[in-house]
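# Examination of the molecular architecture
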Amino acid sequence: MAHEAHRKAAEHHEHAAKAHHAAAEHHEAGDHKAGHEHSEKAHEHSGKAHEHSTEAHGHSQAAAH
């Protein structure tokens, strides 16, 4: 279970990073609406990554005891 949670966390971190890069590119180009939309997606993925990281940590702690 911990492995799956770590994998999901990593996927969401990668999606968040891509969305952050896209947001930066749109903001630099002056397209603030699209930049904001990508920032929102990045925030969503970051939150999901945190949830899965917390889950993985819990599984790892339980396995250690």
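Below or above, wherever it landed, is the structure these notes cover. (Residues numbered from 1 in each chain as written. Predicted model: local features only at pLDDT ≥ 70, side-chain atom pairs only at ≥ 80, totals over all residues. Heavy atoms only, no water.)

With that settled, the discussion passes to helix α2 (residues 32-64). The first and last C-alpha atoms of α2 sit 47 Å apart over 33 residues, in line with the 48 Å expected at 1.5 Å per residue. The complete set of buried residues in α2 reads A34, G35, A42, H45, A49, H52 and A56. Looking at the buried side of α2, the elements it contacts are α1 (2-28). (Helix = DSSP H or I, 4+ residues; strand = E, 2+ residues; numbered from the N terminus. Expected span 1.5 Å × (residues − 1). Buried < 20%, exposed > 50% of the residue type's maximum accessible area, 1.4 Å probe, protein only. Contact = heavy atoms within 4.5 Å.)

Our focus in this paragraph is the pattern of salt bridges. Enumeration over the complete set of coordinates arrives at four salt bridges. For E4, the salt bridge identified is with R7, shortest N-O distance 2.4 Å. Taken together, the positions of E4 and R7, both in helix α1 and three residues apart, correspond to about one turn of that helix. Overall, E4 belongs to the partly exposed group, its relative accessible area being 34%. Taking the relative accessible area as the measure of exposure, R7 reaches 34% and is therefore partly exposed. For K33, the salt bridge is made with E37, and the minimal N-O distance between the two is 3.8 Å. Note that K33 and E37 are positioned in helix α2 at a spacing of four residues, about one turn of the helix. Taking relative accessible area as the criterion, E37 reaches 44% and is therefore assigned partly exposed. Three or more residues joined by partner-sharing salt bridges are found here, namely E4, R7 and E11. (Salt bridge = Lys/Arg side-chain N within 4 Å of Asp/Glu carboxyl O.)

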